[in-house]
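Residues per chain, in single letters:
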Amino acid sequence: MVLTMKKNYENISDLSEIMRDSNELIVDRIRHLNQLEERGINPYPYKFKEVIHSRFIHDNFAHFDEEQLLTVAGRVMLMRNMGNATFLNIRDQEGDIQVYLSKSNLGPEKYEQIKLFDIGDIIGFEGNVFRTKTGEITIKAQELSLLTKSIRPLPEKYHGIQDADLRQRHRSLDMIMNNDVRERFINRARAMSAIREFMNGLNFVEAETPILDTKYGGGEAKPFVTNVNAMDLEVFMNVSPELYLKRLMVGGIERVYTMGRSFRNEGIDRTHYPEFTLFECYMAYADYHDMMELMENLYEYVFLKVNGSTKIVYDGIEIEFKAPWKRATMCDLVKLDTGLDVLNMSKDEIVEAIASKELLINIKEQNLDIASMTKGDIIMELFDAYSASKLQQPTFVIDFPAESSPLCKLHRENADLIERFEPYANGVELGNAYSELNDPLRQRILLHEQASKLRAGLETASPMDEEFALAIDIGMPPAGGLGIGIDRMMMFLTNSYSIKDVIAFPLIKR
RNA sequence: GGGUGCGUAGCUCAGCUGGUAGAGCAAUUGACUCUUAAUCAAUGGGUCCGGGGUUCGAGCCCCCGCGCUCCCA
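Computed from a prediction, not measured in an experiment: that's the story for all the values here.

S.K.: Can you help me understand the sheet that holds strand β2 (residues 85–92) in this one?
M.R.: Note: strands within a sheet are paired through backbone hydrogen bonds, in either parallel or antiparallel orientation. One closed barrel accounts for 5 strands, arranged β1-β2-β3-β5-β4; its pairing is mixed. Across this sheet, the average inter-strand angle for adjacent strands is 55 degrees, counted without regard to direction. Inspection of the sheet shows strand β3 (residues 95–102) paired to strand β5 (residues 137–148) by 3 bridges, in the parallel sense. Across the sheet, residue V99 finds its bridge partner in β5, namely I139.

S.K.: Can you walk me through the packing of aromatic side chains in this structure?
M.R.: Given two aromatic rings, one states the distance between the centres and the angle between the planes to describe the pair. Taken as a whole and assessed by the stated rule, the structure comprises 17 aromatic pairs. Through pairs of rings, three or more aromatic residues link up here, namely Y299, F303, Y314, F321, W325, F396, F421 and F492. The positively charged end of K140 is found above the aromatic ring belonging to F130, 4.9 Å away from the centroid. The positively charged end of R270 is found above the aromatic ring belonging to Y497, 4.3 Å away from the centroid.

S.K.: Can you walk me through the protein's contact with RNA strand B in this structure?
M.R.: Near RNA strand B, the surroundings consist of 37 residues, among which E24, D28, K133, T134 and K157 are the closest. Looking at RNA strand B alone, sugar and phosphate atoms form 56% of those within 4 Å of the protein. D163 is positioned with one of its backbone polar atoms (N or O) 3.1 Å from a phosphate oxygen of RNA strand B. Within the contact set of RNA strand B, a phosphate oxygen lies 2.7 Å away from a side-chain nitrogen or oxygen of Y497. Put simply, the parts of the chain that give the surface near RNA strand B at least two residues each are α1 (24–38), β1 (70–81), β2, β3 and α5 (164–169). Ranked by residues supplied to the surface near RNA strand B, first place goes to α1 with 4 residues.

S.K.: Even after reading the chapter, I still don't get the sheet that holds strand β8 (residues 225–228), so can you show me in this structure?
M.R.: Pairing in this open sheet of 3 strands is antiparallel, and the strands run β7-β9-β8 from one edge to the other. This sheet does not close on itself; its edge strands, each paired only once, are β7 (212–213) and β8.

S.K.: Explain the environment of L25 to me, please; I cannot follow it from the model alone.
M.R.: Its location among the elements puts L25 in helix α1. For L25 and Y288, which are 263 residues apart along the polypeptide, the C-alpha to C-alpha distance reads 61 Å.

S.K.: What is the right way to look at the environment of E436 in this model?
M.R.: With respect to the helices and strands, E436 occurs in the loop between β18 (431–435) and α14 (440–455). Exposure remark for E436: the relative accessible area of 1% places this residue in the buried category. Apart from the residues within four sequence positions on either side, E436 is in contact with E242, K246, Y282, L407, K409, M476, A479, G480 and G481. At a separation of 3.3 Å, a polar atom in the side chain of E436 contacts the main-chain amide nitrogen of G481.

S.K.: In this structure, what is going on with the pattern of salt bridges? I would like to understand it.
M.R.: If you walk through the whole model with that rule in mind, you get 30 salt bridges. The salt bridge partner of K305 is E197, with a shortest N-O separation of 3.2 Å. Pair noted here: K305 is in helix α9 (residues 288–307) and E197 is in helix α7 (residues 179–201), with a separation of 108 residues, a long-range link. Among the residues examined, E197 registers a relative accessible area of 37% and is labelled partly exposed. Between K246 and E436 there is a salt bridge whose closest N-O contact spans 2.6 Å. Of the two residues, K246 sits in helix α8 (residues 242–250) while E436 sits in the loop between β18 and α14, which places them 190 residues apart along the sequence. Of the two residues, K246 and E436, both sit in the buried class.

S.K.: Looking at this structure, how should I read empty space enclosed by the protein?
M.R.: Any empty space left between atoms is shown by rolling a water-sized probe over those atoms. If you walk through the whole model with that rule in mind, you get 2 cavities of 30 Å³ or more. Put simply, the largest cavity is a space of about 90 Å³. Taken together, P210, D213, K215, Y216, G217, N238, V239, S240, L243, Y244 and D465 make up the full set of residues lining the largest cavity. Put simply, the second largest cavity is a space of about 30 Å³. Here the element with the most residues in the lining of the second largest cavity is helix α16 (residues 486–493); it accounts for 3 residues. Across the lining of the second largest cavity, the residue classes tally to 4 nonpolar, 1 polar and 2 charged.

S.K.: Would you explain helix α10 (residues 330–338) in this entry?
M.R.: In an α-helix, one turn spans 3.6 residues, which is why side chains three or four residues apart end up on the same side. Turning to α10, its buried residues number three or more, namely M330, C331, L333, V334 and T338. Viewed along the axis of α10, the buried residues span an arc of 160 degrees, placing them on a single side of the element. As for α10, its buried residues are in contact with β14 (326–329), α13 (375–387) and β15 (395–401). Residue G339 follows α10 closely and has a positive phi angle near 80 degrees.

Reading guide: rules and limits
- Every chain is numbered on its own, with residues counted from 1 as its sequence reads.
- Labels are handed out in written order, letters beginning with A for the chains and numbers beginning with 1 for the ligands.
- With the structure being a predicted model, the display of local features is reserved for residues of pLDDT at least 70 and the display and counting of side-chain atom pairs for 80 or more, all residues being used for whole-chain, interface and lining totals.
- The side-chain values count all of the structure's non-hydrogen atoms but skip hydrogen atoms and water molecules.
- Here a strand pair is declared whenever DSSP counts at least two bridges between the two strands.
- What counts as a helix is a DSSP run of H or I of at least four residues, what counts as a strand is a run of E of at least two, and both are numbered from the N terminus.
- All axes here are fitted lines through C-alpha atoms, helices being fitted over the stretch that makes contact, and every angle between N-to-C directions spans 0 to 180 degrees.
- Classification of ring pairs rests on two measures: the distance between centres of Phe, Tyr or Trp rings, Trp counted by its six-membered ring, which must be within 6.5 Å, and the angle between planes, read as stacked under 30 degrees, edge-to-face over 60 and tilted in between.
- Over a ring means this: the NZ of a Lys or the CZ of an Arg is within 6 Å of the ring centre and within 35 degrees of the ring normal.
- When we say a residue is near a molecule or strand, we mean one of its heavy atoms is within 4 Å of it.
- A 3.5 Å cut-off defines polar contacts: any pair of N or O atoms within that distance qualifies, except that in protein one atom must be a possible hydrogen donor and the other a possible acceptor, and neighbouring residues in sequence count only when both atoms are side-chain atoms.
- Only protein chains enter the calculation, and the probe is 1.4 Å; a residue is then buried if its accessible area is under 20% of its type maximum, exposed if over 50%, and partly exposed in between.
- The contact definition used throughout considers only heavy atoms, calling two residues in contact when any of these lie within 4.5 Å.
- Any carboxyl oxygen of Asp or Glu that lies within 4 Å of a side-chain nitrogen of Lys or Arg is treated as forming a salt bridge with it.
- Buriedness for pockets is judged along seven lines, at least five of which must meet protein on both sides within 12 Å for an open set on the 1 Å grid over protein atoms alone, while cavities are sets there where a 1.4 Å probe fits but cannot get out, and lining residues have an atom within 4 Å of a point.
- Grid points are joined across faces, edges and corners, and a volume is the space filled by probe spheres set on the points.
- In this classification, Asp, Glu, Lys and Arg are treated as charged, Ala, Val, Leu, Ile, Met, Phe, Trp, Tyr, Cys and Pro as nonpolar, and every other residue, Gly included, as polar.
- Summarising the geometry, the arc corresponds to the directions from the helix axis toward the C-beta atoms.

Structural data, given as structure tokens:
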């Protein structure tokens, strides 16, 4: 690109050529920028000294010598000018600190510069730390240097940025104005590190699995479709890493995990987003009971590491993530919440009971064709309608109907069930786990069933994956597998009501 | 996909029964060397989301569209 930049942007009337939405506030700031350059000050210098962060200064005030010069830097958030003295509040990654500037300390020439500084500029200071007469820990600046000139005004200093659309569209501003938002994304990173620490400590190997693939599986979901031009090939984006992690196990990795993005081309709501971060792990010689222990210990580890506590208050309810969590079978929960002993009833008896019981209005309102569903599917619908939302405290819902997954072992004591669990908290599903199916013949039957459902028009069914089936033929050790929705974990960890609040850059229309 | 509420200055928000567009912060100018949402005085700043309609007259009423919020499937 050939773009000749003028040293000074004097031709402010040309701004519309490079800026969609200039206004007088921006023009004023560019005027300041021009004046600084005319004084020989580079508004975008290359580097600055190592800085001490605001929180460290607040925490260690007593240990600093009065004469000791400290270097701080940050974005100007507030400016209180009183003629020959000025107070600034600057914000760094850790928080805010006040800076005191006076003409007598800086000398008239440097002090005059601050007239050309604006709120939002990034400025570095050297000075000694002291307490003002009102007690605020403050840096008395002896030197100052502009580090970055901001040409666009920040939102209003008190109310900040409120509009949900603007906050997502301009997440940088949201993070500047709302300390908790910046902290939320830092905590997200800390949590992901903690998960890796925990898993690595148990001798799990971190793996990567494909995003682009000619087939998809491991989850019930509509995939995204795209093309690899170089191969003239239609491909899908992964809906789950499961089948590849199992192939790594067949290859001899006994403990494997991954944490990455999966994609499901379905609805968006408070707890669903089309691209989401999925953690999955597989552990040889373990079953789903072992995976429950792993999950509750992992949650406990992450919450202690990041929040210092396993207890949170979410949506007005105190939730305790300390291990162990409650375990309850799906059929027991349905029995408790509907009065129907579904485990010991035939499908016809259940259908009849739903029809005759006036209390079961929720499920009737959904206009499901219950008579044509399997018994297991009806049980799952009853669970969704009557039990799921009641699970406030962390609970493992265990022993799902056999038809609920093609990748899970049958229950060792009841062939109508499989050894599957989903953990719930605050009525939200947190993950999914199995005693993994490794019987190659049963696996092939179930995969072919999926493929024929797909051909029959069920868009969430998976196509046959012959390479995966071949790997299972070779032999996968008995194993427990566990998937955890990381975004939902982050919602609880950071007390966020919506999944979009824990995704830094959600999709924006236009 | 269905319902609800919203869209006004850079930001946060008012705007009555349809009658010339408002405030605070931010900005500009001035005063002020311990302020902290600093204070005081003055000044400038608008595609009222877009399009159409009703009306003498629309930010406001009606229709269509766009975007967002919340609830529901």
